[in-house]
Each structure stands twice: as structure tokens, then as C-alpha cells.
Amino acid sequence: MMPLHLTPFVRGRYSTATLVMLCWLFLAGFTFIVGTEHVATATLPASFNDLLPHFLVEPDDEYIVKNKPVTLTCRSTPATQIYFKCNGEWVHQDDHLIDRTVDPATGLPIMQVKIDISRQQVEKIFGLDDYWCQCVAWSTTGTQKSQKAYVRIAYLRKNFEEEPMGKEVSLNQEVLLRCHPPEGVPAAEVEWQRNEHVIEPESEPNFLVTADRNLIIKQARLADTANYTCVAKNIVARRRSSPATVLVYVDGGWSDWSNWSDCGVDCSMWRSRECTQPSPGTGGKDCQGIDLQSLNCTSQQCLQTANGVEDVALYVGIVAVALCLTLILIVVVLVYRRKKEGLDADVADSSILTTGFQPMGIKPSKPGVWAPRHRAPGPPGPRPGTRSKNSHLLTIQPDLTTTTTSYQGTLHSRHDGTTHTGTAKFSMTNGPLLDPIPNGSHHTLHNGKMTSDPAEFMTRLSNQTYFKTLPRDVANTSYGTFNFLGGRLTIPNTGISLLIPPEAIPRGKIYEIYLTTQRKEDLRLPLAGCQTLLSPIVSCGPPGVVLTRPTILSMDHCSDACPENWAIRLKKQNYEGVWEDVLMMGGELISEPYYCQLEAETCRVFSEQLGRFSLVGESLNMSAAKRLRLVLFSDAYCSTLEYNIRVYCMDDTQDVFKEVMQMERQLGGRLIDEPHVLLFKDSYHNLRLSIHDMPQAHWRSKLLAGYQEIPFYHIWNGSQRFLHCTFTLERLNLSTCELTCQLCVWQVEGEGQSFSLDFNIAKDSRPLDPEFLLMDNNLSGSALAGPSAFQIPYLIRQKICSSLDTPCPNGADWRLLAQRLKLDRHMSFFASKASPTSVILDLWEAQHFHSGNLNQLATVMADIGKQEAMIFLVSDGEC
């Protein structure tokens, strides 16, 4: 008796009596019809009854592109039945397409079965194992199973995990361009293009594509200067990276030396060389060294000159000495005359007379009051709750009716005929200070800020050679004119400011100083390895001005402020445009002109030289993290079914936030939730964003995948300033206005943040809320010059410095002041300065300009004064 094999569909769908009848029919060798269903069975000749089925065609792996179903095929001989099983479940018989033929060579029956797999079938098991199918063939002897065929949904994400970065390389240098294509199924193939033409490494031996799909230019030639693009493609789509510009430059090389010249009358000979082999090109460096060399002749070669030559040299020397003495006499006379006229300095250019002189009048206040300085005019008098016991320290209060107003009159010279004499107090009011300039022209001052057009100033400045890379963004630029009284420049809503302490500018000098931010895309700051940009790129200048004390540049940073995780460097761009390391955080040398204090969110840079600065961090381990600010915007008005939510992932610095706010205001966007901060670690893991818990009856997401992803390198390298993802939602009816959902942002295997949104898209159509802007939004001006730029009155500051600079045996000096202000870790830096107290007070002014508590400072001074019996008394006449 032959073994009987019944399909699972037959066993499960018919009664026992019917099965018995089917068995007899099967043994009799019939092909039968049950109802309207055809059972995939056949009889075999008796000579083949002992053969097991074997597969001529087995199902292969397939990919579903968009919504097009795929077909799986199975062919076996000799077989009486063939059925597919997918993910452990039998496929219904009606879904099989059966075809029978006979092998003409062997006479064996051949059975072929096909099934179609749709996208919906595969998506039902999303998140579980891959969807697979397998066919099973029966014969009268036994069964055989085919290999498993996996069916996957094909896709190719839009964002590259790592894009090639532009480089500047010297001639014959090896160049490596990295490319990590977007995630995709099947995995994307990569090709490289140079200026839109495909690179064929087989025919161009200077190029090599590595196994990990990076491009290597073995020896850079001038012809290799081009835009290189990484192209990723699979059966779904084709993606192009941003072009990476490779610039091949040529450094100059010296030619041979010329022959030595004849020995001259000065008993020397010379030879020269030129920077022509090769000549510097495409931004390459000039030759290093001298182009002219001299050498003393030997005694035999030296010409014997006549006595007349020696006499000529003697006469020339006498004339030169006489001219020098005459020039010295003229200078002495001029200096004497200027001092007699009461002038402090020689002003060479009348345009720089727009100085930051501030009229100042100080009058006695009520006893025991420490009065903070205001930035807006107001009635004089003490504030409520500011009374203290420190009347013996500071017994004067500035007259706010005069100190905070800006001089609006015409400049006059100091030798006015109506000079005040015989009075102990010199009153400066809104009267003439200087005589009219001889040519009749005059300049007007507004709180240390020139009244000319700011755009005209930036245009004039950028026309000079060094400043051609300066942005002409007036909104992110501050400038003013300053003298020895110092001042402050602030770029509103950026956290960037420059403090110019008193006496930093030499007396008699007047400087026109600017402060501006650079966009990252405008400058190429080279980053290598694990380096990342932690601060804005800030320019202050002009560079090269003489300063006698360090200025303090304040700017935000986005590191996690854990020094054990970072190697943080202060970089400065030199005149050739090269970025140099000028300071390593934690390894400062007091002999250097730079020093830095890193606070939780702010960096304070002490610098005796102005220029272009930035803070760069290199992670020492995978625990290093930078702060990202996550900000959500949406359309303020929506008249269509589609509704967009934009999620920005930016460095947590105020300057970037300000630019995003300005950009969204132009787009008509609105802020829909408070910003969140996320710590993004150097773990090479990407950032993912997803949206959940929407009411399915009213809304749906048009995102095909479960989440969006921003590659790690896009965030860590900081090459793209405003990284964001857009979630496009669709409401099923125009009357739907209530939107509730959960939006999640997280780093893979790292920290995450979530936003719970619940608002009405029609009613809540406010523009950007100004309360989310920053604290210095209420600044009356971005430039303050003279006493109005500081909280501590100038004369009181001088008294404090003169008292605390002198070392005291019991330590009641500047060292105790630094300790009480929690600045004692900078003791060696303070000690290296001529006036340590003034540097401490400068740092206090930079830290507490907006929120300075003068009472707290007065209390510290009182404690020091009790130990030293020090009393500060400033008379009205002295002020």
C-alpha cells in the first residue's frame, strides 16, 4: 500500500466520510474536482513511485518597491502536490497559480506553483522577524522543503549618514573623501562623481574607491580641483550628497641661487633667488625665508677704496646726526605747545572724534545706600530694599539724570574761554566740551555709538583688505568709538559681548571698535577626528590695535562643562586666514596674551589682542556631550488639509536660536512649545525623531517610516547650521482644528526628550512670542562708552584697586576678594597683572552686567574692610 499524503486544506475542510472516499479515489489514481476547487494533486507512473521530489526552481529573496507586489515561484519534479507556507502559516489554495508539464527527456511530471505577496501582507508583521515564504513539495514517497525566500519592503532614506567634506590640499598630497550612504533596503550602491561626471577607477588609476565606499585621490593634481559628489542608489531611489569642493593649491618653491656678485665697496658680495619653482598658486603659501643673501668678502677679494670714499661716508654720517637732532627738537616743541593748550592727544583723523565721552555728574546720596546704576533715565534716589550697613564703604550715588544721558551736542575743544576755576567740582552737562573743528564739520555722539548709517560703516570696513570676510549683517554687528574710559559692545539676543575695561586703551588714543558674529557656512574652520564647534565664531577688531590691559570677550558655548571629558581649545584666525590654537583649556600659561574662564554656559576670553575667535572641543571619551536645543515651530495659519511641524536641532547657544527665530518670523511660523535641551553624546549614534498618539479618526502622518533620523556627523561636525526635520500631518477634515500628539527626540542608545502637544491650530495663531527671546532684548543700545558701561563708579573703582593691589600680611587684599567672589582658581593669572584687583573687577563686570548685585559686592568689600580697617570715602569734590 502506498503512503497517503493529504494537504492540510483537505484535512481541515472535509468530514471523515468524505476523506475516506477521497482516499479510495486517490488510491485509484484519479484526478478529482471537489466543488469548484481544484486540488493540486497528480498521479505518478509506477516506475517513479519511489522518487522524492526535488526542486528545479526555488523561491528567491524579493523586494517590494512602492506598492507593487512580488511573485514567488517554485518548480519541482516529480511532485503530486506543492504548497507555499509563509511565516509558519499555509497559504490558501486559491492564492496558488498552478502549472503542470512533463519533462520530455525523462517523462517525469513537473509542477510549478506561483504566489503573489503584497506590501500589506509584509507590513502586518512590521517590527517582528522578516517576512519569509517556503514551498513544500509532496510525492508518493515523501516531502521536500525549499529554501526560505525573504520578502522585504525596499526603501532608501534621504539623509547620508556621512557626507564628504570639502578640503584644501597641497599638490601631490593624498586626499580621502568619506561617504556613508543613507540607510536602505537593499543596501545602496555608491558611485562618485567629479563635476557631475562619473569617476571610473578602472580607467583613472589616480582614483581608488575603498571597500567602505570612500574615495581616495592618490596624488592630488591641479586638474583634481573640482566638486565631488557621492551618489547612492538602489532599486527604489537615487540620492546625491552635497558637493564637496577639493581645492589643490601649490606652495611656492625657491629657484637655484644666482651666482655671487662681485665684491662691492662695502667689502661684501650677494646672490639672490626667486619664488618661481613653482610659483605659489590657488592660495598656496609663499616661499619661506629670504630671497637675498650677502657674504663678507675675503681680504684678497676686498677692494682697496680711496680715502675720498671714507671722507664721503663721514660727511653723510654727520648730516644724518644733524637731521635727527633737528627732528627731535621739533617734536619736543610740538609736545610742549600741545600740553600748554590742554590737549591730551594728537587726533590725526577727524572721523575718529566720535568718541565715547560720557557726561558724568555725581552727587551725594542718602547715607547707607548702595545705589546700582540704571540703563535708562530715571529720578535719583535709593531703590526700596537696598539699604545696607556699608555706608563707610561707598557713600556716593551717581546722579542718574546726568550719567545715563548721552551727549547730543557738538564737539568743542577743551581750551574754551569760559574755563571753570576755583571750584572743587567740575560739572559736565549737556554743554559744549570742545571747540568746533576747524573745517566746520562736526560729529554727534549717541551713547558711544556713531550716528552714521550702520550699513555704511560695515561697507566701509569690509572694503579694507583684512575685513573682506566680515559679514555685512548689521543685525549681528555692534560698533562704537572708545577712549581710555573703556566701554562695552553687545550683540543683542546672542549672549556675545566685549568688555573694554578702563585704561585698556592708552590715554590719548581713540579707537573705533567693532564686534560681529560669523556664520559657520561663511568660514571653513577645519575640524578633525572627534572635534566639534562649541561656540559661535566671533570677530572683534580691528586687529593690531595697542591695548594695555586685556579685554573680555563673552560668548555662549554648548559643551556639557565636564572638563574631564573634553580637550577644549581656543582658536584664532591669523592674517593669512589660518586657524591656530592659542590656548588649551586647563593648560593656560600666564605669559600668553590669552586666558579663558569656562562657566556652565558661557566662555569668558581675556585677550590683549583683538581678532577672530572660536571654541573647539575634542571629545576624550564617549561620555562627552554637547547641548542641543530642540525647538518646535508650526505654520501660524493653515488653510489646507496638510499641517507641518518643524523640529530644529541646534547648538544650545543664543546666537543660533536668534537666527532661527528671525528665519521663522519671515516664514510666518510660530513657536508651539518651550525649547528643550538634549545632551548629545559622542557615541556615533544618530538622532531620531518620531510622532505618536495622534487621534487616528482626525489626523494621520504622511511619514512612511516609523521615525526620521539625522546622521551623527551632521550634528557633531556642525556643517549645517539649522538642522531640522519636518513632520507633515494631514487632517481628514478641514473642520478639524484640535491637535494632540506626542513628539519624541532621542539619540540611539542615549538621552531623549518628548513634547506633549495639545493646541488649536486655528485659534492659536499668534506670531512668535517675544518672551522666548533672551534677556538682553531690552537693551537700549548695543554700544555703551565710558562710565555708563560699568556698574562700579570709576573713582570708587580706583580707590578699591589702590587699596587692594598692595599685598597685606593677613591676606586682606585682592586675594581675599577673588576668594570671596569664587574666582580663586585664577590666582596665578590675576597675580601676573600689574593691578590684580582691576582684572577681578573687570571679570565681575562682565559676569554681572545685567544682573549685578552691587549690595553683594559691597558686603564683600565690607568684610575685607573689617579685617583691614579699610574705609572708602569719596567726597563730592573728588567726583
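Scroll up a little and you will see the structure.
For the structure given in this document, a descriptive report is provided here. Everything quoted here is computed from the prediction, not taken from an experiment.

Next up on the list: the overall build of the protein. Secondary structure summary: the protein contains 13 helices and 52 strands in total. Residue pairs at least 24 apart in sequence account for 70% of intrachain contacts in the protein once pairs closer than 6 positions are excluded. As presented, the protein carries roughly 44,100 Å² of accessible surface, and 54% of it is formed by carbon and sulfur atoms.

In space, the three strands of this open sheet follow the order β15-β20-β19, with antiparallel pairing throughout. The sheet terminates laterally at β15 (175–177) and β19 (207–209), the two strands that pair on one side only. Taking the axes of each pair of neighbouring strands and ignoring which way they run, one obtains an average angle of 20° across the sheet.

Attention now moves to the pairing of strand β40 (residues 602–607). Counting buried positions along β40 yields six of six residues, so the element is predominantly enclosed. Residues Thr602, Arg604 and Phe606 line one face of β40 and the alternating positions Cys603, Val605 and Ser607 line the opposite face, and both faces are buried. Where strand β36 (residues 551–556) and β40 come together, six bridges link them in antiparallel fashion. Looking at β40, one finds that threonine 551 is bridged to serine 607. In this sheet, β40 lies alongside strand β39 (residues 594–598) in antiparallel orientation, the contact comprising five bridges. Its bridge partner being in β40, tyrosine 594 is matched across the sheet by serine 607. Counting the residues between successive antiparallel strands, the hairpin from β39 to β40 contains three residues.

Another aspect to go through is the sheet that holds strand β48 (residues 708–710). In space, the four strands of this open sheet follow the order β48-β46-β50-β51, with antiparallel pairing throughout. Each end of this open sheet is capped by a strand with a single partner; those strands are β48 and β51 (752–760). The mean angle between the axes of side-by-side strands here comes to 20°, regardless of whether they run parallel or antiparallel. Of the strand pairs in this sheet, strand β46 (residues 687–692) and strand β50 (residues 738–747) are connected by six bridges, and their pairing is antiparallel. Looking at the pairing, leucine 687 lines up with glutamine 747 of β50.

With that settled, consider the layout of surface pockets. Empty space within the second largest pocket amounts to approximately 1,400 Å³. Lining the second largest pocket are 41 residues; nearest its centre among them are Tyr155, Arg157, Leu704, Ala705 and Gly706. At the level of secondary structure, the elements contributing two or more residues to the lining of the second largest pocket comprise α3 (119–123), β12 (149–153), β13 (155–156), β48 and β49 (724–731). The biggest single contributor to the lining of the second largest pocket is β49, with four residues. Looking at the lining of the second largest pocket, its residues break down into 20 nonpolar, eight polar and 13 charged.

Turning to helix α7 (residues 654–667), a few remarks are in order. Look at α7: 20 Å from first C-alpha to last across 14 residues, which is about the 20 Å you get at 1.5 Å a residue. Residues of α7 that are buried: Gln654, Asp655, Val656, Phe657, Lys658, Glu659, Val660, Met661 and Glu664. Two residues or fewer past α7, glycine 668 is found with a positive phi of approximately 80°.

A word on the state of the cysteines. Going through the model one piece at a time under the given rule, you end up with four disulfides. The disulfide bridge from cysteine 86 ends at cysteine 133, spanning 2.0 Å between sulfur atoms. Disulfide cysteine 86-cysteine 133: torsion about the S-S bond near 110°, hence right-handed. Placement of the pair is cysteine 86 in strand β6 (residues 81–86) and cysteine 133 in strand β10 (residues 131–138), with a sequence separation of 47 residues. The exposure classification of cysteine 86 matches that of cysteine 133, with both residues buried. The disulfide bridge from cysteine 179 ends at cysteine 230, spanning 1.9 Å between sulfur atoms. Measuring handedness by torsion sign, the sulfur bridge of cysteine 179 and cysteine 230 sits at about -75° and is left-handed. Note that cysteine 179 is positioned in the loop between β15 and β16 (184–185) and cysteine 230 in strand β21 (residues 226–233), a separation of 51 residues in sequence. Across the pair, cysteine 230 and cysteine 179 agree in class, each one buried.

This paragraph deals with the environment of serine 139. Secondary-structure assignment places serine 139 in the loop between β10 and β11 (143–145). On the accessibility criterion, serine 139 (1% relative accessible area) is buried. For the pair serine 139 and histidine 54, spaced 85 residues apart in sequence, the C-alpha to C-alpha distance is 9.7 Å.

Counting residues in each nonpolar core, the largest one holds 67 residues, and the members touching the most others are Ile513, Leu515, Leu570, Ile645 and Leu687. If we skip the residues at most four places from it in the chain, leucine 570 touches Met555, Glu580, Asp581, Val582, Leu583, Tyr594, Val605, Phe613, Ser614 and Leu615. In this structure, Phe790, Leu804, Leu816 and Ala818 belong to the second largest nonpolar core, which totals 34 residues.

Each value, and the rule that gives it
Residues numbered from 1 in each chain as written. Predicted model: local features only at pLDDT ≥ 70, side-chain atom pairs only at ≥ 80, totals over all residues. Heavy atoms only, no water. Helix = DSSP H or I, 4+ residues; strand = E, 2+ residues; numbered from the N terminus. Contact = heavy atoms within 4.5 Å. Areas by Shrake-Rupley, 256 points an atom, 1.4 Å probe, with all protein chains shown as cover. Pairing = 2+ DSSP bridges. Axes fitted to C-alpha atoms, helices over the stretch in contact; angles between N-to-C directions. Buried < 20%, exposed > 50% of the residue type's maximum accessible area, 1.4 Å probe, protein only. 1 Å grid on protein atoms, 1.4 Å probe; cavity = no way out; pocket = protein on both sides within 12 Å on 5 of 7 lines; lining within 4 Å. Points joined across faces, edges and corners; volume = space filled by probe spheres on them. Nonpolar A, V, L, I, M, F, W, Y, C, P; charged D, E, K, R; others polar. Expected span 1.5 Å × (residues − 1). Disulfide = S-S within 2.5 Å. Core = buried A, V, L, I, M, F, W, Y, C linked by side-chain atoms within 4.5 Å.

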